[in-house]
Amino acid sequence: MSTLYARHLAELQRRSEDALARSGYDALAIASGIEKYAFLDDRPYLFQPNPHFKHWLPLTAHPHSWLLIRPGHKPRLVYYQPDDYWHVPPSDPSGEWVAHFEIIVISEPAQARQHMQVDGRLAIIGETDAALEGLQPNNPEALLNLLHYQRACKTEHELEQMRAASRRAAPAHLAARQAFLAGASELEIHRAYLAACGHTDRDLPYTNIVALNEHGAVLHYQYQDAVAPAESRALLIDAGAQVNGYASDITRTWSTGGSAEFDALLAAMEREQLGLVDEVRKGVDYRDIHLSAHRRTARVLRELGIVQGLSEEALVAERVTATFFPHGIGHLLGLQVHDIGGFMADDSGTPSLKPEGHPYLRLTRTLAPGMVVTIEPGLYFIPTLLSKLRATPQGAAVNWQLVERLARFGGVRIEDDVVCRAEGAPENITREAFAALD
Ligand code: GLY
Ligand code: MN
Ligand code: MN
């Protein structure tokens, strides 16, 4: 990690100094964040670190710590290490990162203040609740825009973390598949996944979606049934892993092979997903990949005979594809599963609009080298959307018997994490992680 990490820090220092100069500030403070408590209760929610903090440091469980970035200085880390016998406090600073910081250990949150004083204007990035007296987050918009715009393009160090996050998740996906084929419940599949990647629920970058049969048609299915269904036909599992605060975001759909029709759909979606991944190239407008996904959905619908008598163009224009593919083709990925900065046309924050009629697309930027995006086409049989389609003139073009048979499998989503390269074809870090297991 060392050389790449040193270069990563040098790049963050360069970006920060540039952003400070351009937004009229002299130094940058970053609050790691605080634990939040449930209403009228003394139980904290799972701590969510400020992504700006973990951009610099592989520290994800460190509330009440602070970073101070000043032009021409080594970054200062004010490291909160309470004397706490109720919980395990952060261990003494250790690891390769230590040499790159001036570290001051504090045992009370308020002690941070005295180590964060600077002459001049201080930009303070953090949640409002992290405020200390005289150290209130001001989150300057111009500075945040500059940092968020640039964060989309990962350093080589960040790409290494993200490759590792895919490598961590891939064997767990195979373990989940094994459990599914053995007839396990959603909860048992989830546990098999966790055991194989060595995560607890607390470590996951987002809540696993573990959906058997019809549950696959619920885009963010949030439960895990403890009892297996009488017959397991399909598993849609959307599950990632994290390494040093960086996420992978991977979906696989598996079948037991009991339906040639569903397996044909799976094969068609696999083909189109790989085609879409190949569209991730420097200079491509990501909105065009989303629109390409709609055309490809139309092709699959016609090829499988799910709809007949309407052209691909008509299926897209008349929003039939949106019934079966009602979400965006993907998003930026990194320190956050839906990494910030997806809607910026430039580093001053000019919005880059979603195509009309596509409200759920989360990325509207032109692709640049080092960007990591997901490519996650889906085709689902969602009762509420199907019944609306059925009531329109286009509903007459649908083979409803076939839809009824396929609906028993829920749907298909296939999701990989993909790096845009400076030249040529993209790097599919998820497929490479699976291939390394063969
Ligand atoms: N796992 C959330 C998503 O795919 O966007
Ligand atoms: Mn995703
Ligand atoms: Mn996902």
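What comes next concerns the included structure. (Residues numbered from 1 in each chain as written. Chains lettered and ligands numbered in written order. Predicted model: local features only at pLDDT ≥ 70, side-chain atom pairs only at ≥ 80, totals over all residues. Heavy atoms only, no water.)

### Some details on the coordination of the manganese ion (ligand 2)
Six octahedral donors at a metal ideally form angles of 90 or 180 degrees, and four tetrahedral donors ideally form angles of 109.5 degrees. Applied cut-off: Note that water is not among the atoms considered, so a metal site may appear incomplete; the donors listed are N, O and S atoms within 2.8 Å of the metal, with 3.2 Å applied to Na, K and Ca. Only four donors with every angle between 85 and 135 degrees are called tetrahedral; only four or six donors with opposite donors over 155 degrees apart and all others between 65 and 115 are called square planar or octahedral, in that order; all others are irregular. Note on classification: 1.4 Å probe, protein chains only; a residue is buried when its accessible area is under 20% of the maximum for its type, exposed when over 50%, partly exposed between these limits.
Looking at the manganese ion (ligand 2), the protein donor atoms are Asp249 (OD), His331 (NE2), Glu376 (OE) and Glu415 (OE), and they sit 2.0 to 2.2 Å from it. One can describe the donor arrangement at the manganese ion (ligand 2) as irregular, given that its 6 donor atoms subtend angles of 50 to 156° at the metal. Each donor residue of the manganese ion (ligand 2) belongs to the same chain, with the gaps between them written as D-x81-H-x44-E-x38-E. A relative accessible area of 3% places His331 in the buried class. Since its relative accessible area comes to 9%, Glu376 is described here as buried.

### Some words on the sheet that holds strand 10 (residues 250-255)
Which entries qualify depends on this criterion: Paired strands are those between which DSSP finds at least two bridges. Here a strand is any run of E in DSSP of at least two residues, a helix any run of H or I of at least four, and the numbering for each starts at the N terminus. In this analysis an axis means a line fitted to C-alpha atoms, helices contributing only their contacting stretch, and an angle means the value between N-to-C directions, from 0 to 180 degrees. Contacts were defined at the residue level, with two residues in contact if any of their heavy atoms lie within 4.5 Å.
In space, the 3 strands of this open sheet follow the order 6-7-10, with antiparallel pairing throughout. Either end of the sheet is taken by a strand with one partner, and the two such strands are strand 6 (209-212) and strand 10. Sheet twist, expressed as the mean angle between neighbouring strand axes with direction ignored, is 10°. Pairing geometry for strand 6 and strand 7 (residues 234-239), over 4 bridges, is antiparallel. When the sheet's bridge partners are listed, Leu212 is paired in strand 7 with Leu235. Running at roughly 20° to strand 10, helix 4 (residues 156-181) makes contact with strand 6, strand 7 and strand 10 of the sheet.

### Notes on the coordination of the manganese ion (ligand 3)
For the manganese ion (ligand 3), the full set of protein donor atoms is Asp238 (OD), Asp238 (OD), Asp249 (OD) and Glu415 (OE), and the range of their distances to it is 2.1 to 2.4 Å. Around the manganese ion (ligand 3), the 6 donor atoms sit at angles spanning 57 to 171°, and that spread fits a shape best called irregular. The sequence pattern formed by the donor residues of the manganese ion (ligand 3) is D-x10-D-x165-E.

### What about the packing of helix 6 (residues 260-277) against helix 7 (residues 286-303)?
The relative placement of two packed helices comes down to the angle between their axes together with the axis-to-axis distance. How we decide: In these notes the angle categories are as follows: under 35 degrees is roughly parallel, over 145 is roughly antiparallel, 65 to 115 is roughly perpendicular, and the rest is oblique. Note: crossing handedness is left-handed where the near helix turns anticlockwise from the far helix by less than a right angle, and right-handed where it turns clockwise. Under this grouping Gly is polar, as are all residues other than the nonpolar Ala, Val, Leu, Ile, Met, Phe, Trp, Tyr, Cys and Pro and the charged Asp, Glu, Lys and Arg.
Taken N-terminus to C-terminus, the directions of helix 6 and helix 7 make an angle of 155°; their axes are 10 Å apart at the nearest point. With respect to each other, helix 6 and helix 7 are oriented roughly antiparallel. Crossing hand, helix 6 versus helix 7: right-handed. Listed contacts from helix 7 to Leu265, Ala268, Met269, Arg271, Glu272, Gly275 and Leu276 of helix 6 are Ile289, Ser292, Ala293, Arg296, Arg299, Val300 and Glu303. Among the residues forming the contact of helix 6 with helix 7, the class breakdown is 7 nonpolar, 2 polar and 5 charged.

### Some thoughts on the side chain of Gln273
Tracing the sequence through the fold places Gln273 in helix 6. Of the residues examined, Gln273 reaches a relative accessible area of 0% and is grouped as buried. Sequence-distant contacts of Gln273, that is, excluding residues within four places in its chain, are made with Ile375, Pro377, Ile414, Glu415, Asp416 and Arg431.

### Concerning helix 11 (residues 400-407)
Using the following cut-off: The directions from the helix axis to the C-beta atoms are what the arc is built from.
Trp400, Leu402, Val403 and Leu406 are the residues of helix 11 that are buried. Projected onto a plane normal to the axis of helix 11, the buried residues spread over an arc of 155° and lie on a single side. Those residues of helix 11 that are exposed and angled more than 90 degrees off the buried face are Gln401 and Glu404. Those residues of helix 11 that are buried lie in contact with helix 6 and helix 10 (383-390).

### Let's talk about unusual backbone geometry
Here His64, not a glycine, exhibits a phi torsion of approximately 65°, which is positive. Overall, the relative accessible area of 25% leaves His64 in the partly exposed class. In this structure, Asn139 takes a positive phi of about 40° despite not being glycine. Locating Asn139 in the fold gives a position in the loop between strand 5 (122-125) and helix 3 (141-151).

### Considering the nonpolar core
Defined as follows: Within this scheme, the nonpolar core is defined by two criteria: the residues are buried Ala, Val, Leu, Ile, Met, Phe, Trp, Tyr or Cys, and they are joined through side-chain atoms within 4.5 Å.
With 30 residues, the main nonpolar core has Phe262, Leu265, Ile306, Phe324, Leu379 and Phe381 as its most contacted residues. Sorting the residues of this core by element identifies helix 6, helix 7, helix 8 (312-317), helix 9 (320-324), helix 10 and helix 11 as the ones contributing at least two each. Counting residues per element, this core draws most heavily on helix 6, at 5 residues. Not counting chain neighbours up to four residues away, the residues in contact with Phe381 comprise Ala217, Leu265, Ile306, Phe324, Leu386, Val403, Leu406, Ala407, Gly410 and Gly411.

### Quick look at the site of ligand 1
Applied cut-off: In these notes, residues near a molecule or strand are those with any non-hydrogen atom within 4 Å of it. A 3.5 Å cut-off defines polar contacts: any pair of N or O atoms within that distance qualifies, except that in protein one atom must be a possible hydrogen donor and the other a possible acceptor, and neighbouring residues in sequence count only when both atoms are side-chain atoms. All accessible areas in this document rest on Shrake-Rupley with a 1.4 Å probe, and a residue is counted as covered only by the protein chains that are shown.
In the vicinity of ligand 1, the residues found are Tyr206, Asp238, Asp249, His331, His338, Glu376 and Glu415. In this structure, His338 approaches ligand 1 through a side-chain N or O atom, which is 2.7 Å from an oxygen atom. Between ligand 1 and Glu376 there is a distance of 3.0 Å, counted from an oxygen atom to a side-chain nitrogen or oxygen. Across the complex, the protein chains shield 93% of the 200 Å² of accessible surface that ligand 1 would expose by itself. When the residues that make up the shell around ligand 1 are grouped by side-chain class, the tally is 1 nonpolar, 2 polar and 4 charged.

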